[in-house]
There are 2 protein chains.
Amino acid sequence: MKNDIAEILKRNQLSVTESRAKILELFHESRSALAHADIENKTDESYDRVTIYRTLQTFVEKGIIHTIPTADNSVLYALCKDECTQGKHNDNHVHFICDICGTTYCLDHITVPEINLPKGFTPHCTDVVASGICKNCK
Amino acid sequence: MKNDIAEILKRNQLSVTESRAKILELFHESRSALAHADIENKTDESYDRVTIYRTLQTFVEKGIIHTIPTADNSVLYALCKDECTQGKHNDNHVHFICDICGTTYCLDHITVPEINLPKGFTPHCTDVVASGICKNCK
DNA sequence: AAAATATTTGCAACAAAGTTGCATACTGTT
DNA sequence: AACAGTATGCAACTTTGTTGCAAATATTTT
Ligand SMILES: [Mn+2]
Ligand SMILES: [Mn+2]
Ligand SMILES: [Zn+2]
Ligand SMILES: [Zn+2]
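The following paragraphs examine the structure supplied in this document. (Residues numbered from 1 in each chain as written. Chains lettered and ligands numbered in written order. Predicted model: local features only at pLDDT ≥ 70, side-chain atom pairs only at ≥ 80, totals over all residues. Heavy atoms only, no water.)

1. So, the relation of the copies chain B and chain A
Each of the two chain copies goes to the other by way of a rotation about an axis and a shift along it.
Move 1: Take chain B, turn it by 180°, move it 0.0 Å along the axis, and it overlays chain A with an RMSD of 0.1 Å. Both copies of the chain, as the preceding transformation shows, are related through a two-fold rotation axis.
Move 2: Counting the interface residues of chain B, we find that 100% of their copies in chain A are interface residues as well, pointing to one common contact surface. (Least-squares fit on C-alpha atoms with pLDDT ≥ 70 in both. Contact = heavy atoms within 4.5 Å.)

Right, dumping it as C-alpha cells:
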C-alpha cells in the first residue's frame, strides 16, 4: 500500500514526501470527496495549511484528483478514476451531495448526459451535481 | 421600471430601500450572472459590503435570485425566472460559463435532464453547469 | 555513501472573503 | 408628525487563500 502510493507519485514525476504520501493515502482510503479542512483534521494538523493547499493544487494539475463544484462555495476534491493526465481531466461523471450527512460521492458509473446547448455555445466540459438523500441517510 | 422594481420588493414583503432597489435593478439590467464583486463595482461602492451580502442573502431566501455553483469557488447570482418562492427554488435550467470572457449565462430554456442515480440515492435537485466558449467569444 | 543539486516545506506576513453586534438612519404605519 | 419596526454602515473579527523566502528534505551525481 505505502509502495503503491509512492509509485503513483513517482509515475507523476513528483518527489515522494511525507505530506504528499499521507494526503494521497487519505484520498485512497476515503469513499467520499474531501475538503481542505477535512484533510487538516484527518492529519491532526501535522502539516501546514499552505502545504495542503499546494499539494492539492499539484495533484489537480497532475490529474490525480479533481475538484467538485458546490453551491455553497466550498471546494471539494476527489480521486480521478478515469485516465486523467497532466492538464487533461476527463472526469465526466455525476456527483452527489447528501443534504443530511454532507457526504459527497463520485458516481463513477453515471456519466454526464449530452446537453443540447443553444446555437453559438460550444461546451468544453459539463459538471453535474445532484443533491438529496444518500443511501446511508434514507 | 423603477416602479416595477419596487413592486417586486413589496410583493416579497421587503421594505423598499435604495440599496435593495438598485441591486435588484442591476440584476434586471444584466444579461448574465453577477458576483458580489460585480455588484460592488457596478454600484461604485456606494453600499457597504455587508449590506450587499445581506441583500443577496435576503433575495435568495425570498426566491428572487438563485446561486450558481462554480468550479473555482466563486459564488454567482442570477434572477429566478421560474416561479420561485420563499424557500422554494425551482431553477432547473442549465448554466453556461464562458472560459474566455467569464460570462455566466442562465440557459432558461434548457432544462436539466433526468439523471438515473444508483439505488438508494434520492435526488432533491440537480445542478448542471457547462463551460466552454460562448456565442460572443467564438 | 557522501556531496551537490533540485525541490518542498513551514513560517510570516499579507490579501480577500465573509460574519456578527450594535448604534444610527430609514421605511412603513398609525 | 410621531412611533415602531427594519435595514444600513461601521468596527472588529474570523476564515480562507496567496506569496516570498530561509530551512529542511528528496533526488541525482560523483
Ligand atoms: Mn468525481
Ligand atoms: Mn440560472
Ligand atoms: Zn447522507
Ligand atoms: Zn464568452
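Moving on from the model shown.
2. A short note on the coordination of the zinc ion (ligand 3)
Residues and elements named next belong to chain A.
Move 1: Only C98 (SG), C101 (SG), C134 (SG) and C137 (SG) from the protein coordinate the zinc ion (ligand 3), and they sit 2.2 to 2.4 Å from it.
Move 2: Coordination at the zinc ion (ligand 3) is tetrahedral: its four donor atoms span angles of 102 to 117° at the metal.
Move 3: Positions of the donor residues of the zinc ion (ligand 3) along the chain correspond to the pattern C-x2-C-x32-C-x2-C. Taken together, the residues span a long stretch of sequence, with C98 in strand β4 (residues 93–98) and C137 in the segment after β6 (122–133) at a distance of 39 residues.
Move 4: With a relative accessible area of 3%, C98 lands in the buried category. (Donors = N, O, S within 2.8 Å, 3.2 Å for Na, K, Ca; no water. Tetrahedral: all angles 85-135°; square planar, octahedral: opposite > 155°, others 65-115°. Helix = DSSP H or I, 4+ residues; strand = E, 2+ residues; numbered from the N terminus. Buried < 20%, exposed > 50% of the residue type's maximum accessible area, 1.4 Å probe, protein only.)

3. Here we look at the protein's contact with DNA strand D
Move 1: Contacts to DNA strand D come from 16 residues, most closely from Y53 of chain A together with S19, R20, T51 and R54 of chain B.
Move 2: Atoms of DNA strand D within 4 Å of the protein belong to the sugar or the phosphate in 61% of instances, the rest to bases.
Move 3: The backbone of D48 of chain B places a nitrogen or oxygen atom 3.3 Å from a phosphate oxygen of DNA strand D.
Move 4: R54 of chain B places a side-chain nitrogen or oxygen 2.6 Å from a base oxygen of DNA strand D.
Move 5: Those elements that place two or more of their residues in the surface near DNA strand D are α4 (49–62) of chain A together with α2 (18–29) and α4 (49–62) of chain B.
Move 6: It is α4 of chain A that provides the largest number of residues to the surface near DNA strand D, a total of four residues.
Move 7: Partitioning the surface near DNA strand D into residue classes produces four nonpolar, seven polar and five charged. (Near = heavy atom within 4 Å. Polar contact = N/O pair within 3.5 Å; in protein donor to acceptor, adjacent residues only side chain to side chain. Nonpolar A, V, L, I, M, F, W, Y, C, P; charged D, E, K, R; others polar.)

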